[in-house]
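Now for the letters of each chain:
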Amino acid sequence: MRLLLCLCLVCVLCACERPASTGDLSAAQEAAEQRDWAHVARLLQRYLREENEPEKRWTAWNLLVSASQHMGEDAWVIDYLESMLQEYGDDGAHTADVLRRLGEGYEKTRQWDKASETWLHLLDVTELTPDEAARLYRRMGVYHHQAHNFALAEDMFEMCAEHTVSAALLSECRYLLADVHATQGHMDEASSYLDKVLGMPETTPDIRGRALLLKGDMYEQQGRRSEAAQAFEEALPLHPNPAVVQSRIDYLKKHSRSLAPARP
């Protein structure tokens, strides 16, 4: 009897010494199946304060990020991914995975500078395919174009064109170069890139439509309204937003009762 009491006492003492978070990961996974994301987050926050084993922590971090995404807490997602990057910064595979998600998180919250830094970090720490690298340069070029950092935008789009092995992606990078040059009033450079885009059979319909709309814009700025109208008509069935093209056609018809003949 005394032996039984002693054994029970030892069991109770061991249970008291066991961290409260021991079963939190399993409980969090069960709560996730019930889509109780707030409970998942509470359990995992406690679990991560106690657990030291790297792979278990990796599982917990990822579930915590997923729970935060389901709750629509973008700021939490970024905070957790930044913590993961600090923790797994020397682990190549984990680092690349975190950087990809962190870059997308910064994009979603319109933190363009941080997104750009994250993509540069990803390019530095992992081996990407040529097209993966090209797409990252394209993304960074778009950020810089939006911020009116035109020289940096040109650099990024040129890197996109240099790295890609896809003709369709090359065509898109050239279109983006045409667009950034046109924005700056560099019409000769823009026209040269547009001619290359429109001359490539691999150019996708939406990029061809965008290129034709931009070419029509340039013609209109030069007073070549007949050529502008023709470019807009060709863009109409291809552009991803045909209403925009139609508005340009309607404007030309309204303000130009007689169009000048197209140049040969």
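Everything quoted here is computed from the prediction, not taken from an experiment.

A. Layout of the overall build of the protein chain. Within the protein chain one finds 14 helices and zero strands. Ordered by position from the N terminus, the helices and strands of the protein chain form the series α-α-α-α-α-α-α-α-α-α-α-α-α-α. Within the protein chain, buried positions represent 40% of all 264 residues. Contacts in the protein chain between residues at least 24 apart in sequence constitute 48% of all its contacts with a sequence separation of at least 6. Accessible surface computed for the protein chain: about 15000 Å², of which carbon and sulfur atoms make up 51%.

B. Molecular detail of a negative patch on the surface. Judged by side-chain charge, E53, E55, D90 and D91 come together as a negatively charged surface patch. Owing to a relative accessible area of 85%, D90 belongs among the exposed residues under this scheme.

C. Focus on unusual backbone geometry. Here the phi dihedral of R110 falls at roughly 60°; this positive angle occurs in a residue that is not glycine. Classification of R110 by relative accessible area gives exposed; the value is 60%. The backbone of H148 shows a phi angle near 65°, a positive value even though the residue is not glycine. Tracing the backbone through its elements, the reader meets H148 in the loop between α8 (130-146) and α9 (150-163). Assessed through its relative accessible area of 56%, H148 is described here as exposed.

D. Expanded view of the nonpolar core. Counting 44 residues, the largest nonpolar core has V40, L44 and M84 as the members making the most contacts within it. Contacts of L44, omitting those with residues within four sequence positions, involve L25, A28, A60, L63 and L64. One finds F157, A182, M187 and V197 within the second-largest nonpolar core, a separate group that totals 18 residues.

E. Structural context of the state of the cysteines. Inspection of every chain in the model, using the stated rule, returns one disulfide. For C160, the disulfide goes to C173, at an S-S distance of 1.8 Å. Of the two residues, C160 is situated in helix α9 and C173 in helix α10 (residues 167-183); the sequence distance between them amounts to 13 residues. The burial state of C160 is the same as that of C173; both residues are buried.

F. View of the side chain of H239. In this fold, H239 is placed in the loop between α13 (225-235) and α14 (242-255). Residue H239 is classed as buried on the basis of its relative accessible area of 11%. Within the structure, the side chain of H239 is placed 2.9 Å from the backbone nitrogen of N241, a separation counted as a polar contact. Excluding residues that lie within four positions of it along the chain, H239 makes contacts with G209, R210, L213 and V245.

G. Geometry of the pattern of salt bridges. Enumeration according to the criterion identifies ten salt bridges in this entry. Between D97 and R101 there is a salt bridge, and its shortest N-O distance comes to 2.6 Å. Taken together, the residues D97 and R101, both in helix α6 (residues 92-108) and four residues apart, mark about one turn of the helix. Since its relative accessible area comes to 31%, D97 is described here as partly exposed. Between E227 and R224 there is a salt bridge; the shortest N-O distance is 2.8 Å. Residue E227 is classed as buried on the basis of its relative accessible area of 11%. Here the salt bridges share partners, and the residues they tie into one network are D217, E220 and R248.

H. Here's a closer look at helix α11 (residues 187-198). Compared with an ideal rise of 1.5 Å per residue, which puts twelve residues at 16 Å, α11 spans 16 Å between its outermost C-alpha atoms and is within 8% of the ideal. Taken together, the buried positions of α11 are M187, A190, Y193, L194 and V197. Angularly, the buried residues of α11 cover 130° about the axis, an arc narrow enough to put them on a single face. Those residues of α11 that are buried lie in contact with α10 and α12 (205-221).

I. A look at helix α7 (residues 112-125). For α7, spanning 14 residues, the distance from its first C-alpha to its last is 20 Å, which sits close to the expected 20 Å at 1.5 Å a residue. Residues of α7 that are buried: A115, S116, T118, W119 and L122. Down the axis of α7, the buried side of the element spans an arc of 160°, and every buried residue falls inside it. Exposed and oriented more than 90 degrees from the buried face of α7 are D113, E117 and D124. For α7, the elements touching its buried residues are α6 and α8.

Analysis parameters
- Residues numbered from 1 in each chain as written.
- Predicted model: local features only at pLDDT ≥ 70, side-chain atom pairs only at ≥ 80, totals over all residues.
- Heavy atoms only, no water.
- Helix = DSSP H or I, 4+ residues; strand = E, 2+ residues; numbered from the N terminus.
- Buried < 20%, exposed > 50% of the residue type's maximum accessible area, 1.4 Å probe, protein only.
- Contact = heavy atoms within 4.5 Å.
- Areas by Shrake-Rupley, 256 points an atom, 1.4 Å probe, with all protein chains shown as cover.
- Patch = residues over 30% accessible without salt bridge, like charges linked within 9 Å, V, L, I, M, F, W, Y side chains within 5 Å.
- Salt bridge = Lys/Arg side-chain N within 4 Å of Asp/Glu carboxyl O.
- Lys, Arg positive; Asp, Glu negative; His and termini not counted.
- Charge placed at Lys NZ, Arg CZ, Asp CG, Glu CD.
- Core = buried A, V, L, I, M, F, W, Y, C linked by side-chain atoms within 4.5 Å.
- Disulfide = S-S within 2.5 Å.
- Polar contact = N/O pair within 3.5 Å; in protein donor to acceptor, adjacent residues only side chain to side chain.
- Expected span 1.5 Å × (residues − 1).
- Arc of directions from axis to C-beta.

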